[in-house]
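The primary structure of each chain is shown beneath.
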Amino acid sequence: MSEIVDILISASFWAAVIRIATPLILATMGELICERAGVLNLGIEGIMVIGAFAGWMAVYQGLPLWGGVAVAMGAGMLFGLLHSTLTVPFGLSQHVVGLGVTLLATASASFAYRLMLPEVTSPPKIEPFQPLHIPSLSDLPWAGEALSQTALTWTAFAVAGLVAWVLYRTPLGLAVRAVGENPAAVEAQGLSVTGLRMGAVIVGSGLMAVGGAFLTLSAFSSFFFEMVNGRGWICIALVVFGAWKPGKAVLGAILFAGFDALQIRLQQTDLGAVLPYQLFLALPFILSILALILMSRRAEVPASLMVPYNKGER
Amino acid sequence: MSQNAGAEVVLRLDRITKSFGALRANDAVSLTLRRGEVVALLGENGAGKTTLMNILFGHYVADEGVVEVFGAPLPPGNPRAALAAGVGMVHQHFTLAGNLTVLDNIRLGTESLWSRWHAGAREKVQRLSRDFGLAVHPDAKVGRLSVGERQRVEILKALYRDARVLILDEPTAVLTPQESEALFATLRKATALGLSIIFISHKLHEVMAIADRCVVLRHGRVVGEVDTHATDKAALAALMVGGELSLPRAEARAPGPVLMQLDAVSTPDRGAAPGLKAVRLSLRAGQITGLAGVSGNGQAALAEIVAGLALPGSGAISLRGSPVARWSPGEALARGVARIPEDRHHQGSIADFDLTENAVLEGYKTRFSRRGWMNWRAARGFAEGIIRDYDVRCPGPETRIRLLSGGNMQKLILGRAMAPGPEIILANQPVRGLDVGAIAYVQGQLIAARDRGAAVLLISEDLDEIMGLSDVIHVMSQGRLSPGFARGTMTAAELGLWMAGQKFGDSDAA
Ligand SMILES: Nc1ncnc2c1ncn2[C@@H]1O[C@H](COP(=O)(O)OP(=O)(O)OP(=O)(O)O)[C@@H](O)[C@H]1O
Ligand SMILES: [Mg+2]
């Protein structure tokens, strides 16, 4: 028990939690925007892969780091455009299109990788984002270490705040929340259902891709095919966990990251000697499922999530 | 000529034509609306009233014809342009987002998406709701409001945008008579301020009370246009259905044995809706039992018990004298209870299923399948039978039910309920939203069912309907049930006192 307490009060643990949470927060915000507008985006896993790849490749080709972020975002938005064109005006099944986009985006990443780096055996490294030094904050004893994070992490939290502000405080956010609930209400007030939904999916997909790019541009400094490793699916669960609210979703991401960081450290304690390591790997997922069950009991799902809208039909 | 004859023309529809496949929903329809005038649009279910209004508002694009507002043509298929031109519409099926507050629903889309909110919206809503008598709290979640309140929000939406033309598509279909009165008071205030109104309703007494002029549609064409004070209800009804119409009257008959009996049934209150308070009710063979009362007084709870959707908190249900042990919707169906639900969209049908599938929803396990395999040929034949016998206006049995007009949907549900020859029929607001012809038909069917020995429980807010059809009348108020009054022993005024709850109390034992 005392070992767990030791872990929980160490600054390095919290630094890891925030780091692990960053891509989850970004991609969860992306998914949340899509779902609030009424579109389930199962392309998220693949879009994170393409974001990770495109950002890294752009920087490897000589672009500055923020240029890499922008390229990743653009790539994500392109796949968002594809997804939303098929699901919104054409009204195709969001499940099928989403899984298709994930397959296509993942395959595109490996295709482009082989095409652009035919010779290499191990992926080249880039110079990643460095932890930001913030005067006076970084010098604090415990918090300084826990908050020693890269600019992209700070951006993720800023994005979450921005998403919450736009959703709840602006005419645009109101329209997004309304279109996911009842598109007929939006049309009757003279707004374009298609425009709002496509816009939300495109912007949301851009954020997912930036979440993926965090992995290559900030966390690992290189690209591996398996690196997204189901994070996209976690984000889908986090949106449900957060009851489609940005603040709660961020908390969920931090909670999941906390379990993840904890299990890595638990493996190195005495417990790790007795219990099989697979058990530790499963821990964050098991705990997340439990939390999900507890949290999402009274959640209000956007009423028109996954319901296509056809103008001129009733 | 109405008194508005010389006033400025605010709206002109010119030769609007619209087809859905082979079905011509509007056929060269023309209509003018003047300042301060109320025009009633009448017509049978499926005559094309909603379609015409949807074209005017830009939800649908007409195949031919023009819409002019204040002399300027409206671009087709563009609700934004219609709103900007001063047209406001209260849809037959509300267009509100339930997760948002009243204020948010009202101001949705009223400001540029790229700007921030401007101050003063709340004050404007509050001022309008005071001026027009539309009481509703701006911060209430719309999902929790009653239908009457939602209606007010819809009207506020239009007023907030300074609408000059207000379209109301069957606004009173789901309102209580009291709420309808309040609505008319609001509309009179609006016309006094120079608004013009198109009012759609199947209730002819409302039309006579509020409209200056009536335009009648039949099969998508204008078949008549009359000034209200130069006509009467019978003439309007004849114009709508294209012939004389006689409402069925049920003659008294000797009732048979008790088929269903509720003994001291109570259910818990549900929020503001009262539960049942020790309700005793017998449904007899060959008898129509009418249940009068303002909706929201426990009728829904009683209907759920009868249909097996809920179990009594205390008390007993017996069928043909023997108490029921298990009670569920399936059990109720199996024991010969047929249900015409109050809400045809959510409880009566599955929107994206076709007519065949909807027709067999209650019998697919027993009548239309063998050893787990559906017999679609029989199902289709069954649906075609209903469509023929009940005159359901539709392209065919493979049409998705959501495309039907409300009245036609109701006819299908009625046909489905009546087909197995049920012993007990629960008819909850069976003629809501139906045209006069369809009402006569549905009521005739209920009487026919009674005459062949079924027990009918008729729940309605319309006292005329209750008094015209029922052999025995009970009144519900605050979850309590009055004693049964035989046909002709009560006047409407006396029933009104019971409805207001004033007669309950000492007579509880009755
Ligand atoms: N989007 C659509 N697709 C196919 N058919 C439609 C569509 N909208 C309406 N219809 C058909 O057009 C006809 C006219 O429908 P409409 O809703 O205008 O009738 P209504 O006069 O409003 O009837 P009610 O009194 O029952 O509301 C109906 O037969 C209906 O089935
Ligand atoms: Mg209609």
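Being a predicted model, the structure only gives us computed values, none of them experimental.

Asker: A description of the sheet that holds strand 1 (residues 9-20) of chain B should follow, citing residues and the corresponding values.
Answerer: Where strands meet in a sheet, backbone hydrogen bonds hold them as pairs that are either parallel or antiparallel. Residues and elements named next belong to chain B. Reading across from one edge, 2-1-4-5 is the order of the four strands in this open sheet, with antiparallel pairing throughout. Two strands in the sheet have a free side with no partner beyond their single neighbour: strand 2 (23-34) and strand 5 (72-73). As paired elements, strand 4 (residues 64-69) and strand 5 share two bridges and run antiparallel to each other. Pairing of glutamate 68 across the sheet is with proline 73, part of strand 5.

Asker: Describe in detail empty space enclosed by the protein, supporting the description with residues and values.
Answerer: Per the counting criterion, the structure on display carries one cavity of 30 Å³ or more. In this structure, the largest cavity occupies an estimated 70 Å³ of space. Taken together, A:Ala188, A:Gln189, B:Phe57, B:Leu83, B:Gly88, B:Met89, B:His91, B:Glu154, B:Lys157, B:Ala158 and B:Arg161 make up the lining of the largest cavity. Mapped by element, the contributors of at least two residues to the lining of the largest cavity are strand 6 (87-90) and helix 5 (147-160) of chain B. Looking at the lining of the largest cavity element by element, the count peaks at three residues for helix 5 of chain B. When its residues are assigned to classes, the lining of the largest cavity shows five nonpolar, three polar and three charged.

Asker: Go over the interface of chain A and chain B, please, and point to the residues and values.
Answerer: With 25 residues of chain A at the interface, the matching set in chain B holds 38 residues. When chain A packs against chain B, close to 2,700 Å² is buried across both sides, 57% of that on carbon and sulfur atoms. On inspection of chain A and its partner chain B, the count reaches zero salt bridges. Remark: the boundary between chain A and chain B carries eight residue pairs in polar contact (both at pLDDT 80 or more). Put simply, the parts of the chain that give the side of chain A that touches chain B at least two residues each are helix 7 (151-169), helix 8 (171-181) and helix 9 (183-188) of chain A. Ranked by residues supplied to the side of chain A that touches chain B, first place goes to helix 8 of chain A with seven residues. Taken together, the residues that form the side of chain A that touches chain B break down as twelve nonpolar, five polar and eight charged.

About the cut-offs
- Residue indices follow the written sequence of each chain, beginning from 1 at its first position.
- To label them, take the chains in the order written and letter them from A, then take the ligands in the order written and number them from 1.
- Two thresholds apply to this predicted model, a pLDDT of at least 70 for residue-level local features and 80 or more for giving and counting side-chain atom pairs, whereas whole-chain, interface and lining totals are computed over all residues.
- Calculated side-chain values reflect all of the structure's heavy atoms, with hydrogen atoms and water omitted.
- Paired strands are those between which DSSP finds at least two bridges.
- Helix numbers and strand numbers start at the N terminus; a helix is a DSSP run of H or I with at least 4 residues, a strand a run of E with at least 2.
- Cavities and pockets were defined on a 1 Å grid built over protein atoms only: a cavity is a set of grid points that admits a 1.4 Å probe from which the probe cannot escape, a pocket is an open set flanked by protein on both sides within 12 Å along at least five of seven lines, and lining residues are those with an atom within 4 Å of any such point.
- Grid points are joined across faces, edges and corners, and a volume is the space filled by probe spheres set on the points.
- Residues are grouped as follows: Ala, Val, Leu, Ile, Met, Phe, Trp, Tyr, Cys and Pro are nonpolar; Asp, Glu, Lys and Arg are charged; every other residue, Gly included, is polar.
- Should any heavy atoms of two residues lie within 4.5 Å, those residues are counted as being in contact.
- Here's the idea: put two parts together, see how much 1.4 Å probe accessible area each one loses, and the total over both is what we call buried area.
- Any Lys or Arg side-chain nitrogen found within 4 Å of a carboxyl oxygen on Asp or Glu counts as a salt bridge.
- Polar contacts here mean pairs of N or O atoms no more than 3.5 Å apart (in protein, one a potential hydrogen donor and the other a potential acceptor; neighbouring residues in sequence count only if both atoms are side-chain atoms).

Function cannot be inferred from these measures alone, as they are strictly geometric.
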